[in-house]
Structures are given as C-alpha cells and as structure tokens.
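# What the coordinates show
Single-letter residue listing:
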Amino acid sequence: MAHETELKRVVPILPSSDIERDVAWYGKQAGFNVDWHDDSYAFIYRDNIILHLQWHAGTVDDPLLGGSAIRIFVDQIDPIFKEFVGMGTVNGNKLVKNTPWKTNEFGFYDLNKNSIHIVQDIE
C-alpha cells in the first residue's frame, strides 16, 4: 500500500506530577533543554532526543501511571488523517489545526488505552 505521508519521528510523553520540578530535574540531572512549557505540558530535548512531559493529578480519574502516550510526527497530516478516518480509527472532527504549540494533530487510543498522537509541525 502506497502512503502519502512520511513518518518522521516518535516522541514519548512521560507523566509528571510537577512540570516545573521535572523540567528542572531533566535539565540538571540529564542535560535536557526546555523548548516550551506551561503548568501542564513541556517539550524538552537533548541533541536529537525529544521528550514531552504531561501533568497528571495522580488520581483514579487522572492516573500518573497507566497507558503510555507517544507522538508520531509526519510531514503531511491531511493524507494520514483521511486514511485513519477511512479505517474508522478516528472521527472526522478530531483533527486540531494551529495549536498554540505550532502543530496540526489528532489522536486515538489503542486497545490497551495507549494514547497515539499523529502530529505535523507547522512553521
């Protein structure tokens, strides 16, 4: 099957109970730099390694541990979004364009409640 978009990279999303604390720890203890962050989310990097940190309350409704999350980056999101809509994986209204963090993206859960996000960087 020919694909109309290229899968470019995968970015793991790690749970955090304190974004400020964890951004500082990754900087001091692991040499990561901060690309962007707020109180609930952070983009950190070192060389070609990118990690995202996402705040969770640590409650039953919002656990720190559980399903994992990844972000798969693509060069063109529209063709792969149409493909996933066609397979019934996502609804046609799930594509979010022009996020504050400069992406177009959509997401879905696998059978194990792992969160999969397909993302296109926008300039």
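We now turn to the structure provided with this report. (Residues numbered from 1 in each chain as written. Predicted model: local features only at pLDDT ≥ 70, side-chain atom pairs only at ≥ 80, totals over all residues. Heavy atoms only, no water.)

## Some thoughts on the pattern of salt bridges
Side chains that carry opposite charge are capable of pairing whenever their charged atoms lie near each other. Short version of the rule: Salt bridge, as applied in this entry: a Lys or Arg side-chain nitrogen positioned within 4 Å of an Asp or Glu carboxyl oxygen. Numbering goes from the N terminus for both helices and strands, where a helix is a DSSP run of H or I of at least four residues and a strand is a run of E of at least two. The cut-offs for exposure are 20% and 50% of the maximum accessible area for each residue type, with area from a 1.4 Å probe on protein chains only; residues under the lower value are buried, those over the upper are exposed, and the others partly exposed.
Taken as a whole, this structure holds 4 salt bridges when the rule is applied. Note that Asp121 and Arg9 form a salt bridge whose closest N and O atoms lie 2.7 Å from each other. Of this pair, Asp121 sits in strand β7 (residues 115-121) while Arg9 is found in strand β1 (residues 7-16), placing the two residues 112 residues apart along the sequence. Since its relative accessible area comes to 36%, Asp121 is described here as partly exposed. Its relative accessible area of 31% is what places Arg9 among the partly exposed residues. One salt bridge connects Asp78 with Lys97, and the closest N-O pair in it is separated by 3.2 Å. Of this pair, Asp78 sits in helix α2 (residues 77-86) while Lys97 sits in the loop between α2 and β6 (103-109), placing them 19 residues apart in sequence.

## A word on the packing of aromatic side chains
What counts, and what does not: Only centres within 6.5 Å qualify two rings of Phe, Tyr or Trp (six-membered ring in Trp) as a pair; their planes then separate them into stacked at under 30 degrees, edge-to-face at over 60, and tilted for everything else. Only Lys NZ and Arg CZ are tested; either one counts as a charge over a ring when it is within 6 Å of the ring centre and within 35 degrees of the ring normal.
One pass over the structure, following the stated rule, counts 8 aromatic pairs. Taking the centre distance of 5.0 Å and the plane angle of 85° together, the rings of Trp25 and Tyr26 count as edge-to-face. Look at Trp25 and you get partly exposed, because its relative accessible area is 47%. Given a relative accessible area of 17%, Tyr26 falls into the buried group. By the ring-pair criterion, three or more aromatic residues cluster together here, those being Trp36, Tyr41, Phe43 and Trp101. Directly above the aromatic system of Phe73 lies the positively charged group of Arg9, at a separation of 4.0 Å from the ring centroid.

The analysis is restricted to geometry; functional conclusions fall outside its scope.
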